[in-house]
Amino acid sequence: MPETRVYDLHTHTVYSDGALAPAELVARAAANGVQVLALTDHDVTDGVPEAQAAAQKAGITLVPGVEISVTWGAQTVHVVGLQIDITHPGLQTGLARLREFREWRAEEIGRRLAKAGIAGASEGARALAQRGLVSRTHFAQFLVASGHAADVRSVFKKYLVHGKPGHVPGQWAGLDEAIGWIRAAGGQAVLAHPARYKITATRLKKLLGEFRDAGGAAIEVVSGSHSRDDMFRFAQLARSFGLLASSGSDFHGPHNYYMDLGPMPPLPDGCTPVWQTWDTSVPATRHVAVIV
Ligand code: AMP
Ligand code: MN
Ligand code: MN
Ligand code: MN
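All figures in this text were calculated on a predicted structure; none of them were measured in a lab.

The next subject is the overall build of the protein. The secondary structure content of the protein amounts to 10 helices and 7 strands. Against the compact-globule benchmark of 19 Å for 292 residues, the protein has a radius of gyration of 18 Å, which places it among compact chains. In terms of its C-alpha atoms, the protein occupies a principal-axis envelope of roughly 60 × 45 × 35 Å. Across the 292 residues of the protein, 53% fall into the buried class. Excluding contacts between residues fewer than 6 apart, the proportion of contacts in the protein whose partners are at least 24 apart in sequence is 72%. Within the structure as shown, the protein displays about 12700 Å² of accessible surface, and the carbon and sulfur contribution to it stands at 53%. Looking at the protein, you have 28 positive and 27 negative side-chain charges, and the mean spots of the two groups are 6 Å apart.

Below, the structure written as C-alpha cells:
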C-alpha cells in the first residue's frame, strides 16, 4: 500500500526555543493534517508527556524525540533522536550535562555582550526562556526587543555567530556520544538539516560516513530549511551512504522564518523512510501501548 500518512518529525515548543506550548503545537499539527508528529526540543524531553496527552486526545500519533547539540570538530551539528524512551537514565544524564553547558554558555554570552556594551543580556534572554532552557534564539529575541538589531536573522549575523562579540564556542556532546544515548534509549539517530552546515562537500561526506559508522540511522532529506535542490542532493547522499530518510519542518512557531507544520514535499523516489519499521498503522488512540 502506498504511504499516505503525513509525517512531521522535527518540531519545537516553549520547552526549548519554540513559541508554542506542546498542546498548541499538537493542535496546530492536527489542524494542518499531520498524522505522525515528533516533538524534538533542543537537549530536553520535558515537553513530551504534555504533547503525548494532547496527541492522544487529537487522535494523532506523537513520536517522543529530542534534538541533541553535538560538537564535531569546530562545527556544531544537530542529531535528532526519534522513538526514544524519555525515561532512559543514560540519555537523561547526557542531556542534563548539555543543559549545564547551556547555563554556563548563557552567562558567558552575557559577559561577552556586556564587554561589547550591551548590558543585561543574560537576564533578558532568561526572562524570555519560558521553561528555563536558554538558547541563542532567546538572546536574539532580547537583542531585537532592546533595539540592537532589526530582526532575529540579522542579530545572529551581527552578534551570535563565529567571529562576533556574543559567540561562545560549543562544548556539546560528541557525535558518537549523542548517537549512543539515542540508541541506548531505543531510538533512531537522524542527522538534522544537513544542508545547513557550512562545510565543504568533502567534510560533509566525512560527517555522513562517521555518522553512519557510529550507528546513525537516517538523515533529514525533507526539511523546512532545505531547498528543493538540497532535498534531491540529500536523497542521493542518503542512498549512497545506506541511510534512511526523514522529513521534518523544524517548526519553531507561527511567526518564524522556518516552514509551517504540515504537508511537505514527499520523500523523493528511492529513499527508504525512517518510519518504515514503525507501527503507525492504527490511530494513536488505539495503540497507546506502543507509543508510551
Ligand atoms: P543554540 O542551540 O542555543 O545555540 O541555538 C540554536 C538555535 O538558534 C537554532 O536551533 C535555531 O533555532 C536558531 N538559529 C541558529 N542560527 C540562526 C539564524 N542564523 N537565524 C535565526 N535563528 C537561528
Ligand atoms: Mn532552534
Ligand atoms: Mn537544528
Ligand atoms: Mn530544530
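There is more to say, and it comes next.
All right, on to the site of ligand 1 then. His-42, Arg-102, Arg-105, Arg-136 and His-252 are the nearest of the 12 residues found near ligand 1. Within the side chain of Arg-102, a nitrogen or oxygen atom sits 2.9 Å from an oxygen atom of ligand 1. A distance of 3.0 Å separates an oxygen atom of ligand 1 from a polar side-chain atom of His-252. Calculation on ligand 1 without its partners gives an accessible area of 500 Å², and the protein chains cover 85% of this total. Only helix 3 (89–115), helix 5 (136–145) and helix 6 (152–160) provide two or more residues apiece to the shell around ligand 1. Looking at side-chain class alone, the shell around ligand 1 contains 4 nonpolar, 4 polar and 4 charged residues.

Right, let's get into the packing of helix 1 (residues 22–31) against helix 2 (residues 48–58). Taken N-terminus to C-terminus, the directions of helix 1 and helix 2 make an angle of 35°; their axes are 8 Å apart at the nearest point. For the crossing formed where helix 1 meets helix 2, the hand is right-handed. Of the residues in helix 2, those touching helix 1 at Pro-22, Ala-23, Val-26 and Ala-30 are Glu-50, Ala-51, Ala-54, Ala-55 and Ala-58.

Positive phi outside glycine occurs at His-193, with the angle close to 25°. Secondary-structure assignment places His-193 in the loop between strand 5 (188–191) and helix 8 (201–213). With a phi angle near 65°, Asp-250 is a residue other than glycine that sits in the positive phi range. With respect to the secondary-structure elements, Asp-250 resides in the loop between strand 7 (244–248) and helix 10 (288–291).

Let us look at the coordination of the manganese ion (ligand 3). Looking at the manganese ion (ligand 3), the protein donor atoms are Glu-67 (OE), His-78 (ND1) and His-193 (NE2), and they sit 2.1 to 2.2 Å from it. Between the two metals, the manganese ion (ligand 3) and the manganese ion (ligand 2), the spacing is 5.6 Å. Of this pair, Glu-67 sits in strand 3 (residues 61–72) while His-78 sits in strand 4 (residues 75–82); the two residues are 11 residues apart in sequence, bridging distant segments of the chain. Each member of the pair, Glu-67 together with His-78, is buried.

For the coordinates displayed, the defined rule picks out 4 aromatic pairs. The cationic tip of Arg-131 hangs over the ring face of Tyr-15; the distance from NZ or CZ to the ring centre is 5.0 Å.

Core analysis: the biggest nonpolar cluster contains 71 residues, and Leu-9, Leu-37, Ile-68, Leu-82, Val-221, Val-274 and Trp-278 have the highest contact counts within it. Setting aside residues up to four positions removed in sequence, Leu-9 forms contacts with Val-36, Ala-38, Thr-40, Val-80, Leu-82, Ser-246, Ser-247, Gly-248, Val-274, Trp-275 and Trp-278. Core analysis: the next-biggest nonpolar cluster, separate from the first, contains 17 residues, Ala-106, Val-155, Tyr-159 and Val-168 among them.

Here is what the cut-offs are and how they apply
- Residues numbered from 1 in each chain as written.
- Chains lettered and ligands numbered in written order.
- Predicted model: local features only at pLDDT ≥ 70, side-chain atom pairs only at ≥ 80, totals over all residues.
- Heavy atoms only, no water.
- Helix = DSSP H or I, 4+ residues; strand = E, 2+ residues; numbered from the N terminus.
- Rg over C-alpha atoms; globule rule 2.2 N^0.38 Å.
- Buried < 20%, exposed > 50% of the residue type's maximum accessible area, 1.4 Å probe, protein only.
- Contact = heavy atoms within 4.5 Å.
- Areas by Shrake-Rupley, 256 points an atom, 1.4 Å probe, with all protein chains shown as cover.
- Lys, Arg positive; Asp, Glu negative; His and termini not counted.
- Charge placed at Lys NZ, Arg CZ, Asp CG, Glu CD.
- Near = heavy atom within 4 Å.
- Polar contact = N/O pair within 3.5 Å; in protein donor to acceptor, adjacent residues only side chain to side chain.
- Nonpolar A, V, L, I, M, F, W, Y, C, P; charged D, E, K, R; others polar.
- Axes fitted to C-alpha atoms, helices over the stretch in contact; angles between N-to-C directions.
- Left-handed = near helix turned anticlockwise from the far one by under 90°.
- Donors = N, O, S within 2.8 Å, 3.2 Å for Na, K, Ca; no water.
- Phe/Tyr/Trp six-rings, centres within 6.5 Å; stacked < 30°, edge-to-face > 60°.
- Lys NZ or Arg CZ within 6 Å of the ring centre and 35° of its normal.
- Core = buried A, V, L, I, M, F, W, Y, C linked by side-chain atoms within 4.5 Å.

Note that all results are geometric; they support no functional claim without further evidence.
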